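# A look at the structure
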Amino acid sequence: MNERLFLAVAGRIVPGVGSLDAAGRQAFLALVREFMESKPPALRRQIDLFLSLIRWLPLARHLRPFEALSPERQDAVLLGFQESRLLLLRRGFWGLKALAFMGYYGRPVAAAAVGWRPEREGNRRLHP
Amino acid sequence: MTEREYDVVIIGSGAGGGTVAKELAPLAKSGARIAVLEWGPRFREEEFTGREIEMAARLYHEGGGVLTKDGAMTLAFGKAYGGSTVVYTGTSLVVRPDTVARWGVKGLDHADLARRSAKYMAENNVHLIPEEDQNENNRLFRDACRRLSWRVEQFPVNVKGCRGSGLCNLGCPNAAKQGTHRVQLPQAESAGVEVITNCKVERIEDRAVLARVAPCRFGFPSAWEPGEHRVKARFVVVCGGAVNTCALLLRSNLPARLPVLGKWLTTHPALILVAEHPRPITNFHGHPKSYYCDHFTESRRFLLETCMYFPFMTAKSMCGFGAPHEAMMRRFDRLQMILSLAIDPAREHNAVGINAAGEPVVDYTLADDVLNSLLESMRAAARIFFEAGAVRVHAPATERFAIERADRERIDDLVVRKWLRPGRVSISAAHLMGGARMGAGPDDSVTNEWGEVHGLPWLFVGDSALFPRCAEINPYLTIMALADRVAERVTRRLSAPGGR
Ligand SMILES: Cc1cc2nc3c(=O)[nH]c(=O)nc-3n(C[C@H](O)[C@H](O)[C@H](O)COP(=O)(O)OP(=O)(O)OC[C@H]3O[C@@H](n4cnc5c(N)ncnc54)[C@H](O)[C@@H]3O)c2cc1C
Ligand code: SF4
C-alpha cells in the first residue's frame, strides 16, 4: 500500500490524522498494516487499486494527482466517490473510510480522547 | 491423519451447538461418546481486554466485517468456544405466535417453542435489569417512545452479576453474560462431552467428518494435536451458524438431493443511528441494551432497539467524513444510539454459496421493500432522538451530515430514499437466519421439522440455519429452542434399539 497517499486520503476523512505526532502516526499505520496483512492478496490488491484511482482520477479534471489538490478539491473528489452512481465506487470508498476510522479510533488513546472510557464496574458511574 | 470415533459429533458451539451438547449430556454420562468440534478458541478470562480492534479481530469471523458478495452489507458472527453467544448482548425474547404461523412448518408450533424457550430463560438467568442500573441512553429512548405513544418494552437479558461494563459485544470481562460458554458447554463437559477448540471441520463424509486443528495465538490450546483428524460418528449435528453451516454442507457434496441448500437466507439488515445531546449523558457505562420498540413491526416491518457501540464501530456506521463527522465523534459522551432492524422477507435468491476454495460467499440483495423499511426506521429513530432532547441527529439517508433540532419538523423531507444507497450508507447484520430451512420436503427445505437433513438420517442441522423465514425478533432464544428439538430427536434415535 502507498502509505503516504493513504495518509493524505485519511487526513481528509478524519482531520485528526493530519495532526498526529510521529508515534501516533506509527500506531495508526500499525493498525492499518495489521489489517492489510490479515487479508487475502486479492483484497489487498483491490484496496491498492482503489487508492490509485483516487490518486489519478483528478488528473483528467484538475491536471493534478489527489495529493497536489487543495483540501476543498480533495474533499470534492472523495464526495464524488461517496455519492457515485456506481455501487463499486461507493463501496470502495466506504471500505477506505472504514480503514481510516479503524487506524484512528482503533488506537486506545484516541478512543479515550473522544471520551469512551469504559470500566469493568460501569454501574458505579450510574449511581454515584 | 488421526482416526477417531464418536457416537455424535456436533460442529460448532454457539447458541445451537452449545444447546445440543448440553441436551445430549445425559447420554454422555451413560457412556455415549460425544464431541463438539469448534473452529474458534476458548478464551482465558484475562483475554477479554475490552480493546475494540483487538477483541473484534479475535472474537469474530473476519473481525465482524464479512462482506456480502456485492459489498453492500457487512455480517458479524462469532468464532469461539460459545460461538456468537460470547459476543451477543444477551437480549432474550420468545418468538411470537404470528411469526411461527408465518413460517408455516407442519409439526412446529408456537406452544412447543415457547415451552422450550422458557426452559432456557430459566437456565440462563433471564430477567429485567432494575431501573437504577439503566443508563440515560436507554431511559431517554424509553421515555421518548412513551411520549410519542409508541409501544416500547424492556428487554429481558441473560446476565448474572452484570456490573455494567457495556462491553458485551467485545466479550464480557465480568463473566456475567450467560452464553453457552458459561452455561451449557461447561455443563456438557462436566458430564463427559468433549469440546475440541481450534478445530475447523473442512468436510462431511458419510457418517464421518474431516477436521483440521490449527494452533492459535490466544486462548487455551486445543485438546487435540494440530493436524488433520478423521472422525467417524453415528450422528453428525451441524451448528456452525447460518453462513458456515451452509458453506460446510455445500462443500461436502452430500449424496442427497438438496436443491434449496444455502437459499432463503434472511439477515435483519440493520443501521446504527446516532444523535447528539446538548450535555453528557450516561451511555457507555451500564448494560447497553434495555429497551425495544416494536410499534412498527407489522405496519412498516422494522424494529428499533437501544444500543451503544464503540468508537470505531460508531465512526464507520456514520455516513460522511471530515470535520462534522469528527466533531460528532469527539462528543462521544453526548451520543445516544439506536439500532434499527428491517424484518426482511425470505427470498430464494438471497443465498449462501461457496467459492472455488469452498469458503462461503453470501449473495444478499438489499431489496426495495427492505430499504424502505430502513428508511422509515431512520425517520422514526430521528423522531425519538429529538423527542429525547437531541440537538442534532445523524440520519444517513440525508444529503447533509446531520439534521439540526430546528429542522425536526422536516424529517420526512430530509430523510429520503434517494440518499439511502447501498455502499453509501453502512448496513450491517448480526441475525443471520436460514439457508438450511425446515420444511416438508427437499423442494422447499433442507431439513424436516426436527432438523434432520432430507435423505440423510444420520445428519442434522441444529442452529440458525434452520429458520424458514426470519425470527422477527432477536433470535438466540428461538435458536436454542429449535436446537433443543434437534437434540431430542438425536437422543431418541441414539437410544433406539440399534441406535438408528
Ligand atoms: C454482536 C452480536 C450481538 C447479538 N446480540 C443478540 C442478542 O442480544 N439477542 C439475540 O437473541 N441474538 C443476538 N445475536 C444473534 C445471536 O448471537 C446468533 O443468532 C446466535 O448466536 C446464532 O447461533 P448459531 O448456533 O446459529 O451460531 P453461532 O452462535 O454463531 O455459533 C457457530 C459456531 O460454529 C463455529 N463454526 C462455524 N463453522 C465451523 C466449522 N466448519 N467447524 C467448526 N466450527 C465451526 C463458529 O466458529 C461459531 O463458534 C447477536 C449476534 C451478534 C454477532
Ligand atoms: S454490561 Fe454486563 S453483561 Fe455486558 S459485558 Fe458488561 S458486565 Fe458483561
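Sequence order as written defines the numbering, with residues in each chain counted from 1. Here chains are named by letter from A upward and ligands by number from 1 upward, in the order in which they appear as written. In keeping with the model being predicted, local features are shown solely for residues with a pLDDT of at least 70 and side-chain atom pairs are shown and tallied solely at 80 or more, while totals for entire chains, interfaces and linings include all residues. The side-chain numbers reported here are obtained from all heavy atoms of the structure, hydrogens and water having been left aside.

## Let's talk about the domain arrangement of chain B
Residues and elements named next belong to chain B.
- Domain start and stop positions are those given by an automatic or database domain assignment. What the domain assignment reports for chain B is domain 1 (2-125 + 168-262 + 434-495) and domain 2 (130-155 + 269-343 + 367-421).
- A simple way to read buried area is as the amount of 1.4 Å-probe accessible surface that goes missing from two parts once joined, with both sides added. With both chains or domains summed, domain 1 and domain 2 bury close to 1,400 Å², and 63% of this area falls on carbon and sulfur atoms.
- Counted as salt bridges are all cases of a side-chain nitrogen of Lys or Arg within 4 Å of a carboxyl oxygen of Asp or Glu. Counting the contacts that link domain 1 with domain 2 gives three salt bridges.
- For E298, the salt bridge goes to R96, with nearest N and O atoms at 3.5 Å.
- Here a polar contact is taken to be a pair of N or O atoms separated by no more than 3.5 Å, where protein atoms must pair a possible hydrogen donor with a possible acceptor and residues adjacent in sequence count only if both atoms sit in side chains. There are six residue pairs in polar contact (both at pLDDT 80 or more) connecting domain 1 and domain 2.
- Asp, Glu, Lys and Arg are counted as charged, while Ala, Val, Leu, Ile, Met, Phe, Trp, Tyr, Cys and Pro are counted as nonpolar; the rest, among them Gly, fall into the polar class. Residues belonging to the side of domain 1 that touches domain 2 are distributed by class as follows: seven nonpolar, four polar and five charged.

## A short note on the nonpolar core
- Only buried residues count toward a nonpolar core. Its members are Ala, Val, Leu, Ile, Met, Phe, Trp, Tyr and Cys residues joined through side-chain atoms within 4.5 Å. Working definition: with a 1.4 Å probe on protein chains only, accessible area under 20% of the residue-type maximum means buried, over 50% means exposed, and in between means partly exposed. Counting 213 residues, the largest nonpolar core has A:F28, B:I10, B:L37, B:I204 and B:L459 as the members making the most contacts within it.
- Each of domain 1 (2-125 + 168-262 + 434-495) and domain 2 (130-155 + 269-343 + 367-421) of chain B contributes no fewer than three residues to this core.
- Throughout, a contact is declared for two residues whenever any of their heavy atoms are within 4.5 Å. In contact with B:L459, other than residues within four places in its own chain, are B:I204, B:V236, B:V238, B:L249, B:L254, B:G451, B:E452 and B:V453.

## With respect to the packing of aromatic side chains
- In summary, the pairing rule links any two rings of Phe, Tyr or Trp, Trp by its six-membered ring, whose centres are within 6.5 Å, and it sorts them by plane angle into stacked for under 30 degrees, edge-to-face for over 60 and tilted for everything else. The full count for this structure, using the stated rule, is 16 aromatic pairs over all chains.
- Centre to centre, the rings of A:F101 and A:Y105 are 6.2 Å apart; their planes meet at 35°, and the pair counts as tilted. Placement of the pair is A:F101 and A:Y105 together in helix α5 (residues 87-105), with a separation of four residues, close to one helical turn. Of the two residues examined, A:F101 and A:Y105, each falls in the buried class.
- Pairing B:F43 with B:F218 gives two aromatic rings, centres 5.6 Å apart and planes at 15°, and the pair type is stacked. Taken together, the residues span a long stretch of sequence, with B:F43 in the loop between β2 (34-37) and α3 (52-59) and B:F218 in the loop between β10 (208-213) and β11 (227-238) at a distance of 175 residues.
- Taking relative accessible area as the criterion, B:F218 reaches 11% and is therefore assigned buried.
- Three or more aromatic residues joined by ring pairs make a cluster, and in this case those are A:F101, A:Y104 and A:Y105.
- Placement of a charge over a ring requires the Lys NZ or Arg CZ to be within 6 Å of the ring centre, with the centre-to-atom vector within 35 degrees of the ring normal. Residue placement shows B:R437 over the ring face of B:W264; its charged tip is 4.2 Å from the ring centre.
- A cation over a ring is seen here: B:R485 above B:W450, with NZ or CZ 4.1 Å from the ring centre. Helical segments are the DSSP runs of H or I of at least four residues, strand segments are the runs of E of at least two, and each set is numbered from the N terminus.

## Here's the deal with empty space enclosed by the protein
- Each cavity reported here is a set of points on a 1 Å grid over the protein atoms alone in which a 1.4 Å probe fits but cannot get out, each pocket an open set with protein on both sides within 12 Å along at least five of seven lines, and each lining residue one with an atom within 4 Å of a point. Grid points are joined across faces, edges and corners, and a volume is the space filled by probe spheres set on the points. The tally for this structure, following the rule as stated, stands at four cavities of 30 Å³ or more.
- Reported here for the largest cavity is a volume of approximately 90 Å³.
- Taken together, 14 residues form the lining of the largest cavity, with B:C162, B:S165, B:C168, B:C172 and B:A176 sitting closest to its centre.
- Split into classes, the residues belonging to the lining of the largest cavity amount to seven nonpolar, five polar and two charged.
- Taken as a whole, the second largest cavity holds about 50 Å³ of empty space.
- Residue lining of the second largest cavity: A:W94, B:L67, B:G71, B:A72, B:M73, B:T74, B:G423, B:V425, B:S426 and B:I427, and that is the complete set.
- Class assignment for the residues of the lining of the second largest cavity results in six nonpolar, four polar and no charged.

## Brief notes about the site of ligand 2
All names here are of chain B.
- Ligand 2 sits among 13 residues. The nearest are C162, S165, G166, C168 and C172.
- In this description, a molecule resides in a pocket or cavity if more than half of its atoms sit within 2 Å of the grid points defining it. Cavity membership is defined here by more than half of the atoms lying within 2 Å of grid points; on that basis ligand 2 lies in the largest cavity.
- Of the residues in the shell around ligand 2, the class split is seven nonpolar, five polar and one charged. Think of it this way: one heavy atom of a residue within 4 Å of a molecule or strand is enough to make that residue near it.

## Things to note about the interface of chain B and chain A
- Of the residues lining the interface, 49 residues belong to chain B; the matching set on chain A comes to 40 residues.
- With both chains or domains summed, chain B and chain A bury close to 3,700 Å², and 61% of this area falls on carbon and sulfur atoms.
- Contact with chain A buries surface across chain B, with B:R163, B:H285 and B:F321 losing the most and accounting together for 18% of the total.
- Our enumeration of links across chain B and chain A arrives at three salt bridges.
- Between B:R163 and A:E121 there is a salt bridge, with its nearest N and O atoms 2.3 Å apart.
- At the junction of chain B with chain A, the criterion picks out 15 residue pairs in polar contact (both at pLDDT 80 or more).
- Elements with a minimum of two residues in the side of chain B that touches chain A: α9 (311-317) and α10 (323-330) of chain B.
- At five residues, α10(B) tops the list of elements feeding residues into the side of chain B that touches chain A.

## Let's talk about unusual backbone geometry
Residues and elements named next belong to chain B.
- Although it is not a glycine, A175 adopts a positive phi angle of roughly 55°.
- Considering the arrangement of structural elements, one finds A175 in the loop between β7 (157-158) and α7 (184-190).
- Given a relative accessible area of 30%, A175 falls into the partly exposed group.
- Even without a glycine there, the phi angle at H268 is positive, about 50°.
- You can call H268 buried: its relative accessible area is 2%.

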